Amino acid sequence: MIRKFRNNDFKTIMQIWLDTNIQTHTFISENYWKDNFDTVKNMLPRAELYVYEDDYTNQIDGFIGLMGDYIAGIFIKEFAQSNGIGKQLLDYVKTLKSKLSLSVYQKNTRAIRFYQRESFVIQSENTDENTKEKEFIMIWGEQ
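How each quantity is defined
Residues numbered from 1 in each chain as written. Predicted model: local features only at pLDDT ≥ 70, side-chain atom pairs only at ≥ 80, totals over all residues. Heavy atoms only, no water. Pairing = 2+ DSSP bridges. Helix = DSSP H or I, 4+ residues; strand = E, 2+ residues; numbered from the N terminus. Axes fitted to C-alpha atoms, helices over the stretch in contact; angles between N-to-C directions. Buried < 20%, exposed > 50% of the residue type's maximum accessible area, 1.4 Å probe, protein only. Contact = heavy atoms within 4.5 Å. Salt bridge = Lys/Arg side-chain N within 4 Å of Asp/Glu carboxyl O.

How would you sum up the sheet that holds strand E7 (residues 134–141)? Please name residues and give values.
Here we have 7 strands laid out as an open sheet, ordered E1-E2-E3-E4-E5-E7-E6, and mixed in their pairing. Of all strands in the sheet, those bounded by a partner on one side alone are strand E1 (2–4) and strand E6 (121–127). Geometrically, the sheet is characterised by an average inter-axis angle of 30 degrees between neighbouring strands, direction not taken into account. As paired elements, E6 and E7 share 6 bridges and run antiparallel to each other.

This is the structure we're talking about:
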């Protein structure tokens, strides 16, 4: 089930955020994510958040964060990845927005393939100021 974020989800989604970033972005120091934990913790309440809650366990297995039409991230617990949860979250926000954009690290080829399968196209590339990693800006919908 996909639903809006509730305040009591906060601790769970922050842990998913940290674990997923460390696991997915092996080309970035684990300390980078740990050092930015509090910054993200303070920014997250300003985002539009939707969680995927397993109907059987009532546990949150992933979430998506939006800042307007910008996808700040899709984060899925490692054991729950490749089960369609990210697609369900993305499909859900596509019903709410007519256009979406996001940034994805070029070294995160799995995510790039996922977004391309979901009709996102690469619009441009740049370098993330914080990590110095190259990233693609991808867009979907009416631009």
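So what about the pairing of E7? Which residues, and what values?
Both faces of the sheet carry side chains from a regular strand, because those side chains alternate between them. Of all 8 residues that make up E7, 6 are buried, and the element is covered over most of its length. Two elements, strand E5 (residues 99–105) and E7, share 7 bridges in a ladder whose sense is antiparallel. When the bridges of E7 are listed, Ser103 appears paired with Ile137. Two successive antiparallel strands, E6 and E7, enclose a turn made up of 6 residues, where Lys132 displays a positive phi of approximately 65 degrees.

With reference to specific residues and values, describe the environment of Ile64.
With respect to the helices and strands, Ile64 occurs in strand E3 (residues 60–67). When the C-alpha positions of Ile64 and Glu30 are compared, they lie 21 Å apart, and in sequence the two are 34 residues distant. When residues no more than four places from it in sequence are discounted, the contact partners of Ile64 are Glu48, Leu49, Tyr50, Ile71, Gly73, Ile74, Leu89, Leu90 and Val93.

How would you explain the pattern of salt bridges if you had to name every residue and give the values?
For the structure on display, the rule yields 7 salt bridges. The partner of Arg3 in a salt bridge is Asp9, and the shortest N-O contact between them spans 2.7 Å. Overall, Arg3 belongs to the buried group, its relative accessible area being 8%. With a closest N to O distance of 3.2 Å, Lys87 and Glu118 form a salt bridge.

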